[in-house]
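# Residue-level structural notes
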Amino acid sequence: MNCDEFRERCHVLIDARKSELTDEEMRAHAGACQDCADFRRELMAIDVALRELPAPVIPAPLLDSIRSMGQPEVFPPPAWRPDIVRAARYLIPGLLLWGVQWAFPEDLRPFFLAAITFTGGYILVSRIVRPWVFGSPEL
Amino acid sequence: MAKADEFNKLVEDYAQGVYTHAHRMLGSREEAEEAAQDVFLRIHRSLAGFQGRAKISTWIWRITTNVCLTRREVQRKSMTVPLDEEAAARVSDESPGPECSFIIREERDRLGRLIASLPDREAAAITLFYMEGMDYKEIARILDIPAGSVATALHRGRERLAGRLSDMKERP
Ligand SMILES: [Zn+2]
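Along every chain, residues carry numbers that run from 1 in the direction the sequence is written. A letter from A marks each chain and a number from 1 marks each ligand, given out in the order of writing. This being a predicted model, a pLDDT of at least 70 is required before a residue's local features are given, and a value of 80 or more before pairs of side-chain atoms are given or counted; all residues contribute to the totals for chains, interfaces and linings. Excluding hydrogens and water, the side-chain figures rest on all heavy atoms present in the structure.

### Let's talk about the packing of aromatic side chains
- Two aromatic rings from Phe, Tyr or Trp, using only the six-membered ring of Trp, form a pair when their centres are within 6.5 Å; if the ring planes differ by under 30 degrees the pair is stacked, by over 60 it is edge-to-face, and anything between is tilted. Taken as a whole and judged by the stated rule, the model has 4 aromatic pairs over all chains.
- Residues Phe129(B) and Tyr130(B) carry aromatic rings whose centres are separated by 4.9 Å and whose planes lie at 80° to one another, so their mutual orientation is edge-to-face.
- In this scheme, a residue with accessible area under 20% of its type's maximum is buried, one over 50% is exposed, and one in between is partly exposed, where area comes from a 1.4 Å probe on protein chains only. Given a relative accessible area of 1%, Phe129(B) falls into the buried group.
- Lysine NZ or arginine CZ positioned within 6 Å of the ring centre and within 35 degrees of the ring normal marks a charge as sitting over the ring. The ring of Phe129(B) is capped by Arg17(A), whose NZ or CZ atom sits 4.0 Å from the centre of that ring.
- A cation over an aromatic ring shows up here: Arg158(B) above the ring of Phe129(B), its NZ or CZ 5.8 Å from the ring centre.

### Brief notes about the coordination of the zinc ion
All names here are of chain A.
- Any nitrogen, oxygen or sulfur atom within 2.8 Å of a metal ion counts as a donor, with the limit raised to 3.2 Å for Na, K and Ca, and since water is left out, coordination shells can look unfinished. Coordination of the zinc ion by the protein involves Cys-3 (SG), His-29 (NE2), Cys-33 (SG) and Cys-36 (SG), with metal-donor separations of 2.1 to 2.4 Å.
- Labels for metal geometry use angle windows, namely 85 to 135 degrees for all angles of a four-donor tetrahedral site, and for square planar (four donors) or octahedral (six donors) sites opposite donors over 155 degrees apart plus all others within 65 to 115; sites meeting none of these are irregular. Because the angles between the 4 donor atoms bound to the zinc ion fall within 102 to 117°, the donor set is best described as tetrahedral.
- All donors to the zinc ion come from one chain, and their sequence spacing reads C-x25-H-x3-C-x2-C.
- Classification of Cys-33 as buried rests on a relative accessible area of 16%.

### Some remarks on the pattern of salt bridges
- What counts as a salt bridge is simple: a side-chain nitrogen of Lys or Arg found within 4 Å of a carboxyl oxygen of Asp or Glu. One pass over the structure, following the stated rule, counts 20 salt bridges over all chains.
- As a salt-bridge pair, Glu25(A) and Arg9(A) come within 3.8 Å of each other at their nearest N and O atoms. Note that Glu25(A) is positioned in helix α2 (residues 24-32) and Arg9(A) in helix α1 (residues 3-15), a separation of 16 residues in sequence.
- Under the relative-accessibility criterion, Glu25(A) is labelled partly exposed at 44%.
- Judged by relative accessible area, Arg9(A) falls into the partly exposed class, the value being 28%.
- Close ionic contact of Asp120(B) with Arg72(B) constitutes a salt bridge, the shortest N to O distance being 2.7 Å. Here Arg72(B) lies in helix α3 (residues 56-78) and Asp120(B) lies in helix α6 (residues 120-131), a separation of 48 residues in the sequence.
- It is possible to trace a salt-bridge network through shared partners that takes in Arg72(B), Glu73(B), Arg76(B), Lys77(B) and Asp120(B). The helix and strand labels rest on DSSP assignments: H or I over at least four residues marks a helix, E over at least two residues marks a strand, and numbering proceeds from the N terminus.

### A look at helix α6 (residues 109-134) of chain A
Residue and element names in this part refer to chain A.
- Each helix should span, by expectation, one fewer than its residue count multiplied by 1.5 Å. The end-to-end C-alpha distance of α6 is 35 Å, a good match for the 38 Å that 26 residues give at a rise of 1.5 Å each.
- Of all the bends in α6, the largest measures some 35° and sits at Val-125.
- Taken residue by residue, α6 has Arg-109, Phe-112, Ile-116, Ser-126, Ile-128 and Pro-131 as its buried positions. What we call the bend at a residue is the angle made by axes fitted to the seven residues finishing there and the seven residues starting there.

### Observations concerning the packing of helix α1 (residues 2-26) of chain B against α3(B)
Residues and elements named next belong to chain B.
- Each axis is a line fitted through C-alpha atoms, taken for helices only over the stretch in contact, and angles between the N-to-C directions span 0 to 180 degrees. Where α1 contacts α3, the axes come no closer than 10 Å and their chain directions differ by 40°. Crossing of α1 against α3: the hand is right-handed. From α1, Glu-6, Leu-10, Tyr-14, Gly-17, Val-18, His-21, Ala-22, Met-25 and Leu-26 reach across to α3, where they touch Ile-56, Ser-57, Ile-60, Trp-61, Thr-64, Thr-65, Cys-68, Leu-69, Arg-71, Arg-72 and Gln-75. By definition, any crossing whose near helix is turned counterclockwise from its far helix by less than a right angle is left-handed, and any crossing with a clockwise turn is right-handed. Two residues qualify as a contact provided that any one of their heavy atoms is within 4.5 Å of a heavy atom in the partner residue.

### Considering the state of the cysteines
- Working definition: a disulfide is two cysteine sulfur atoms within 2.5 Å of each other. Taken as a whole and assessed by the stated rule, the structure comprises 0 disulfides over all chains.
- Free of any disulfide, Cys10(A) has its nearest cysteine sulfur in Cys36(A), 7.2 Å distant.

### A word on unusual backbone geometry
- Not every positive phi belongs to a glycine, and Arg17(A) is a case in point at roughly 60°.
- Mapped onto the elements, Arg17(A) comes out in the loop between α1 and α2.
- On the accessibility criterion, Arg17(A) (39% relative accessible area) is partly exposed.
- Although it is not a glycine, Asp144(B) adopts a positive phi angle of roughly 60°.
- Position of Asp144(B) relative to the elements: it lies in the loop between α7 (136-143) and α8 (147-170).

Following this line, the structure appears as C-alpha cells:
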C-alpha cells in the first residue's frame, strides 16, 4: 500500500464514521510511515472537531419573522376573488359600449356589434379565461 | 389552510437547520439571517408547486445551498466580506456552551469560519456531511453532482481545514 492509497482510505473510513483502523494493511502502513500516521491524526482531529462544532442558535427575532411568513393573510387570497374583480372591470365598460349601438343607424349596428363582440371575446379569453385556467402570469 | 399548516411545520422542523447551514456556508450571523429569510421566502412562494417527486428535505437543502452559493458569489464580487483566513480569524459572536474553555471556544469559532472560507463545493459538502449527517448519495442529489465528486470535495475540504487549522496553531 502506498501513501496516497492509505490517505484516501483514511478519508473513506472517516466518511463511513469509523474511527478504528480495521484493515491490517493500513495498520502496517501507519506503523511504518510517520508522515501518514501524522496525516491520519490530523484528519481524525478535524473530524472530531467538526462533529462537535456546536450549532449557532437561531436568533429569536429571525425565527419570529420566518414564522410570520406562514400567517394565513400572507398567503395569496383565493384565486376567484381577483378574477371576479377583474371581470367586473371589463364587464362595466363592455355594457356601456353595448349601449352605444343605439346611437348607430340600424343597418350599421351589426358591424358595430360584431366589432365589440370580437374585441370583448379576445379580452375575455386573454385576460380572464386563460389566467384562470393556466394560472396568473404575475404570480 | 393546508398549505399554511404545512409551511408552519417546515419552519418548526427546518428553521434551525437552515440557519446553521447558512452560518457555516457564509461565516457571519448577519449573512446567515438574511439567507435564512430568503430560503423561507422561497419555500413559501413555491410550496404550492412542490410536486413531492423529490423528498421535501432534499428540496429544502437544495434551496438552502443555492441561496448560500448565490450569496457567496455576491460576497466575492463586492469583496466587502472577504472569505479568507482573515475573516475566519475574526472573533465570533456565537454563544459558546458553558462547558468549553476559552481556548477551545476560540478554536471552534475559527473552525466555523474556516468552513466558510473553503471553495463552494467543499464548503457545501462539509456542511451537509457534518451538520446534517448525510451520506454521499444524499449530498449528490442536493448538489446535483456525481457521488464521486462529493467524496472528492469532502476529502479536499477536510484536508484543507486540517492544514489551515494547524497553520493557525503555529502562528496564533
Ligand atoms: Zn505513507
